[in-house]
Number of protein chains: 2
Amino acid sequence: MEIKVIRQIMEWNEDCSAEIKELLKKNSVLMVNIMGSPGAGKTSLIIELAARLKPSFRVGVIEGDVAGQIDALRIAKLNLPVVQLNTAGACHIEAMSIKHILPYFDLQQVDVLFVENIGNLVCPAEFNIGEDLRLALLSIPEGDDKVEKYPLMFSVADALVIHKYDMKTYFAFDDIMVEAQTKAINPLVNVFRASIIQGDGLAELATWLGAKITAKNIMQNS
Amino acid sequence: MEIKVIRQIMEWNEDCSAEIKELLKKNSVLMVNIMGSPGAGKTSLIIELAARLKPSFRVGVIEGDVAGQIDALRIAKLNLPVVQLNTAGACHIEAMSIKHILPYFDLQQVDVLFVENIGNLVCPAEFNIGEDLRLALLSIPEGDDKVEKYPLMFSVADALVIHKYDMKTYFAFDDIMVEAQTKAINPLVNVFRASIIQGDGLAELATWLGAKITAKNIMQNS
């Protein structure tokens, strides 16, 4: 009984995810699902990347949180279209929520849509939301044992961002091992080392995303 | 349909939690549910507290992880009875898992049983596991916006541990605000500021737990 219901939700989610993919394709919007623990620095990274992408691309943001709108208020200061999604207790975003939110955007005026998922290394990795890319953040203060403990998140990521890299001075964090463990379960993953404080990796990450946005745009228009 | 099933799981969990409470009461075991984000320092704090409690009390540990046994191996070095629970994808521990694990312990030889929950600020707060006390950890590098974003966790905690307190030098973290926000939704919560590196707060926390263990023991034997 329980298993059956879970399967129904999953199938429903997949149908919904496919609808979103179609809509995004029609409008040439690249959707990026940003995942990581609470406090991994997801919002700060979105703000930095949005600032770097803004001169060339039109950026939109969906901010997911269990409660509150702190993050959407931070994003709104950048004068970007932003919608706050409150999951009211749920620990991940499902495709249905994204489907309901997309009409709030003028998708013809958006090139890249960042979705900040709920701070959680487990469940968000299980639910497709129609995204083109998944970024998994792991911040140095969280510790270097997370790939072994939360393998699904690291196996589904298109890019791993080892974040708060400036903190490496203060924590025993073996980033070479983390990269090797991630590549062992996810050989094609792109690994970035990034710091908002010192600026490491942000230009590389923005460039990588810019290329993906451009590719999606060309694919649609060719 | 979905709501009905969720309620069934919850009711099942409550029945199971009540059975565990009865068993722990009979054996005078205080169970402490340790919750917090991935990398909040749950295992390290358990190790420190176990070392401080060991001269006076008999300590056991259940280590919950989605996958792997890194944490149980760390605990086993202390020569304490420890069982690793792998949830195989699930983002929280349910009472049924604890019920299946308890027979692996000689409960007559245990005074306090720490349960390290899955690293997650959302779901573990929703499931009683038969515990006497809930400790919620929030580490400084995670940021001071977590009470507003994840209110349930902070509202159900018997104690809030503001952890990695030595990191306060490097992060803009308003711990006075975090304490006030937590007390606004949870007036009886005990707040500790702790650092494994500098030793802050550990003696106070061990003393508080020691008093709770003793009280449970007296209640049973009176």
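See the structure shown above.
In this report, the structure presented in the accompanying data block is examined. In this convention, every chain numbers its residues from 1, walking through the sequence in written order. Key to labels: chains lettered from A, ligands numbered from 1, both in the order written. With pLDDT at 70 or above as the cut-off, local features in this predicted model cover only qualifying residues; side-chain atom pairs require 80 or more to be listed or tallied, and sums for whole chains, interfaces and linings still use all residues. Computation of side-chain values: all heavy atoms of the structure, hydrogens and water removed.

1. Re the interface of chain B and chain A
Reasoning step 1: Listed by partner, the interface residues are 36 residues for chain B and 36 residues for chain A.
Reasoning step 2: When two components associate, each loses some accessible surface as probed by a 1.4 Å sphere; the sum of these losses over both components is called the buried area. Regarding the contact of chain B and chain A, the summed buried area is about 2800 Å², with carbon and sulfur atoms giving 66% of it.
Reasoning step 3: Summed over the three residues of chain B that lose the most area to chain A, namely Pro38, Ile70 and Lys149 of chain B, the buried surface amounts to 20% of that side.
Reasoning step 4: Salt-bridge detection follows one rule: a side-chain nitrogen of Lys or Arg within 4 Å of a carboxyl oxygen of Asp or Glu. Counting the contacts that link chain B with chain A gives two salt bridges.
Reasoning step 5: The residue Asp71 of chain B makes a salt bridge to Lys149 of chain A at a minimum N-O spacing of 2.7 Å. Pairs of residues are marked as contacts when any of their non-hydrogen atoms sit within 4.5 Å.

2. Points about the pattern of salt bridges
Residues and elements named next belong to chain A.
Reasoning step 1: Within the structure shown, the criterion is met by 24 salt bridges over all chains.
Reasoning step 2: Of the charged contacts in the structure, one is a salt bridge between Glu179 and Arg193, with a shortest N-O distance of 2.8 Å. Linking Glu179 in helix α7 (residues 175-185) with Arg193 in strand β7 (residues 190-193), this pair joins segments that are 14 residues apart in sequence.
Reasoning step 3: Residue class for Glu179 comes out buried when judged on its relative accessible area of 18%. The numbering of helices and of strands both runs from the N terminus, where a helix is a DSSP run of H or I of at least 4 residues and a strand a run of E of at least 2. To sort residues, take the accessible area from a 1.4 Å probe on protein chains only and compare it with the maximum for the residue type: under 20% means buried, over 50% means exposed, and anything in between is partly exposed.

3. Description of the relation of the copies chain B and chain A
Reasoning step 1: Copies overlap after least-squares fitting; the atoms used are the C-alpha atoms of residues with pLDDT of at least 70 in both. When chain B is fitted onto chain A, the two copies agree to an RMSD of 0.0 Å after a turn of 180 degrees and an axial shift of 0.0 Å. The symmetry that links the two subunits is that of a two-fold axis. Of every C-alpha in chain B, the one belonging to Asn120 of chain B sits nearest the axis of rotation, 2.9 Å from it.
Reasoning step 2: Comparing contact sets, 100% of the residues at the interface of chain B also lie at the interface in chain A, consistent with an isologous, same-surface contact.

4. Some details on the nonpolar core
Reasoning step 1: Take the buried residues of types Ala, Val, Leu, Ile, Met, Phe, Trp, Tyr and Cys, join any two whose side-chain atoms come within 4.5 Å, and each joined set is a nonpolar core. In terms of nonpolar packing, the biggest core is built from 90 residues, with Met31 and Ile98 of chain A together with Met31, Ile62, Ile98 and Leu102 of chain B touching the most fellow members.
Reasoning step 2: Excluding anything up to four places from it in sequence, Leu102 of chain B contacts Ile20, Leu23, Leu24, Met31, Ile62, Leu107 and Leu113 of chain B.

5. Thoughts on the environment of Ile140 of chain B
All names here are of chain B.
Reasoning step 1: By secondary structure assignment, the location of Ile140 is in the loop between β5 (133-139) and α5 (146-149).
Reasoning step 2: Residue Ile140 is classed as buried on the basis of its relative accessible area of 1%.
Reasoning step 3: Counting along the chain gives 27 residues from Ile140 to Met167, while the straight-line C-alpha distance between them is 6.2 Å.

6. Re the pairing of strand β4 (residues 112-116) of chain A
The side chains of a regular strand alternate, residue by residue, between the two faces of the sheet.
Residues and elements named next belong to chain A.
Reasoning step 1: For β4, the buried fraction is high: five of the five residues fall into the buried class.
Reasoning step 2: Of the two faces of β4, the one carrying Val112, Phe114 and Glu116 and the one carrying Leu113 and Val115 are both buried.
Reasoning step 3: Following DSSP output, two strands are said to pair if at least two bridges run between them. Where strand β1 (residues 30-36) and β4 come together, five bridges link them in parallel fashion. From the neighbouring strand, Val32 faces β4, where its bridge partner is Phe114.
Reasoning step 4: Bridge count for strand β2 (residues 59-65) against β4 is five bridges, and the pairing is parallel.

7. Quick notes on the sheet that holds strand β4 (residues 112-116) of chain B
All names here are of chain B.
Reasoning step 1: An order of β3-β2-β4-β1-β5-β6-β7 is seen for the seven strands of this open sheet, with the pairing classed as parallel. The open sheet is flanked by β3 (82-86) and β7 (190-193), the only strands paired with a single partner. Each strand of the sheet is rotated relative to its neighbour by a mean of 20 degrees, with strand direction disregarded.
Reasoning step 2: One ladder, built from five bridges, connects β5 with strand β6 (residues 159-163); its direction is parallel. Paired with Leu137 across the bridge in β6 is Val161.
Reasoning step 3: Fitting a line to C-alpha atoms yields each axis, with helices limited to the stretch in contact; the angle taken between N-to-C directions then spans 0 to 180 degrees. Helix α2 (residues 42-53) rests against β1 (30-36), β2 (59-65), β4, β5 and β6 of the sheet, and its axis sits at about 170 degrees to β4.
Reasoning step 4: Helix α7 (residues 175-185) contacts β5, β6 and β7 of the sheet and is inclined by roughly 160 degrees relative to β7.

8. A word on the state of the cysteines
Reasoning step 1: For this text, the term disulfide refers to a pair of cysteine sulfurs within 2.5 Å. Within this structure, the stated rule accounts for zero disulfides over all chains.
Reasoning step 2: Just so you know, Cys123 of chain A is unpaired, no disulfide at all, and the nearest cysteine sulfur is the one on Cys91 of chain B, 3.2 Å from it.

9. Looking at the pairing of β7 of chain B
Residues and elements named next belong to chain B.
Reasoning step 1: Of the pairings in the sheet, the one linking β6 to β7 comprises four bridges and is parallel in character. From the neighbouring strand, Leu160 faces β7, where its bridge partner is Val191.
Reasoning step 2: Assignment of crossover handedness uses the view with strands pointing away from the viewer, where a clockwise path from the first strand over the helix to the second indicates a right-handed crossover. Note that the unit made of β6, α7 and β7 has a crossover that is right-handed.

10. Things to note about the packing of aromatic side chains
Given two aromatic rings, their pairing is described by the distance between the two centres and the angle made by the two planes.
Residues and elements named next belong to chain B.
Reasoning step 1: Any two of the Phe, Tyr and Trp rings considered here, Trp counted by its six-membered ring, make a pair once their centres fall within 6.5 Å; the pair's planes then place it as stacked at under 30 degrees, edge-to-face at over 60, or tilted in between. A complete count under the given rule lists three aromatic pairs over all chains for this structure.
Reasoning step 2: A centroid spacing of 5.5 Å and a plane angle of 55 degrees characterise the contact between Phe192 and Trp208, whose relative ring orientation is tilted. With Phe192 in strand β7 and Trp208 in helix α8 (residues 202-221), this pair connects stretches of sequence that are 16 residues apart.
Reasoning step 3: You can call Phe192 buried: its relative accessible area is 12%.
Reasoning step 4: You can call Trp208 buried: its relative accessible area is 14%.

11. Details of the side chain of Glu116 of chain B
Residue and element names in this part refer to chain B.
Reasoning step 1: Secondary-structure assignment places Glu116 in strand β4.
Reasoning step 2: Here Glu116 is buried and forms no salt bridge, its nearest opposite-charge partner Lys42 lying at an N-O distance of 4.5 Å.
Reasoning step 3: Discounting residues that sit within four places of it in the chain, Glu116 has contacts with Ile34, Lys42, Thr43, Ile46, Ile62, Glu63, Gly64, Asp71 and Ile93. This count recognises Lys and Arg as positive and Asp and Glu as negative, with His and chain-terminal groups excluded.

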